[in-house]
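Letter by letter, the chains look like this.
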Amino acid sequence: MPLSEQEQRMLDEMERHLLKHDADVVTAPSGDRSLSYRNLVYGALLLLVGVGGLIAAVVASTGLGPVGSIIIGVVAFLAMLGGAMLAFTPVRRTADSLAPEDAKPRAARPRDASFMDRMNDRWDRRQDEH
């Protein structure tokens, strides 16, 4: 079903707006920081230990008294907070994790291109065909 003239105009206007205003978002550099898989795993484990500590503080509140239960709860909360911070804090990539100098540049390898770059390339090819 073809688009009406009004829908086609709106689509063209949206395309121009996206190309004009979102180009800087698409090409924004990711920097030299990324999430570490190891830190995500350790952070998730620390978060689970903290949840377990909170449950233990509630269960043991009758035997330890209110002060002991509060201390265990605060320590467990701090463990959960530390786990979340560890999991989601980006780490600097080291020189070992960067590509060797003799390898092709990142932009030259289409397999490593970002999702938006691939979509933009497909869009450009479609526009060139028409």
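Everything numeric in this text was worked out from a predicted model, so none of it was measured.

### Things to note about a nonpolar patch on the surface
A cluster of nonpolar side chains, Leu54, Ile70, Val74, Phe77, Leu78, Leu81 and Met85, forms an exposed patch at the surface whose accessible area comes to about 660 Å². Examining the composition of the nonpolar patch, we find that six residues originate from one element, helix H4 (residues 61-88), more than from any other. Structurally, Leu54 can be placed in helix H3 (residues 37-59).

### Section: H4
Its 28 residues place the ends of H4 only 32 Å apart at the C-alpha level, less than the 40 Å of an ideal helix rising 1.5 Å per residue. At Val67, H4 shows its largest kink, close to 80°. By the burial criterion, the buried members of H4 are Gly65, Gly68, Ser69, Gly73, Ala76, Ala79, Met80, Gly83 and Ala87.

### With respect to the confidence of the model for the protein
In this model, the protein carries a mean pLDDT of 78, and residues with pLDDT of at least 70 account for 73%. The weakest mean pLDDT in the protein belongs to helix H2 (residues 23-26) at 52; the strongest belongs to H3 at 91.

Basis of the calculations
Residues numbered from 1 in each chain as written. Predicted model: local features only at pLDDT ≥ 70, side-chain atom pairs only at ≥ 80, totals over all residues. Heavy atoms only, no water. Patch = residues over 30% accessible without salt bridge, like charges linked within 9 Å, V, L, I, M, F, W, Y side chains within 5 Å. Areas by Shrake-Rupley, 256 points an atom, 1.4 Å probe, with all protein chains shown as cover. Salt bridge = Lys/Arg side-chain N within 4 Å of Asp/Glu carboxyl O. Helix = DSSP H or I, 4+ residues; strand = E, 2+ residues; numbered from the N terminus. Expected span 1.5 Å × (residues − 1). Bend = angle between axes of the 7 residues up to and from the residue. Buried < 20%, exposed > 50% of the residue type's maximum accessible area, 1.4 Å probe, protein only. pLDDT = per-residue confidence, 0-100.

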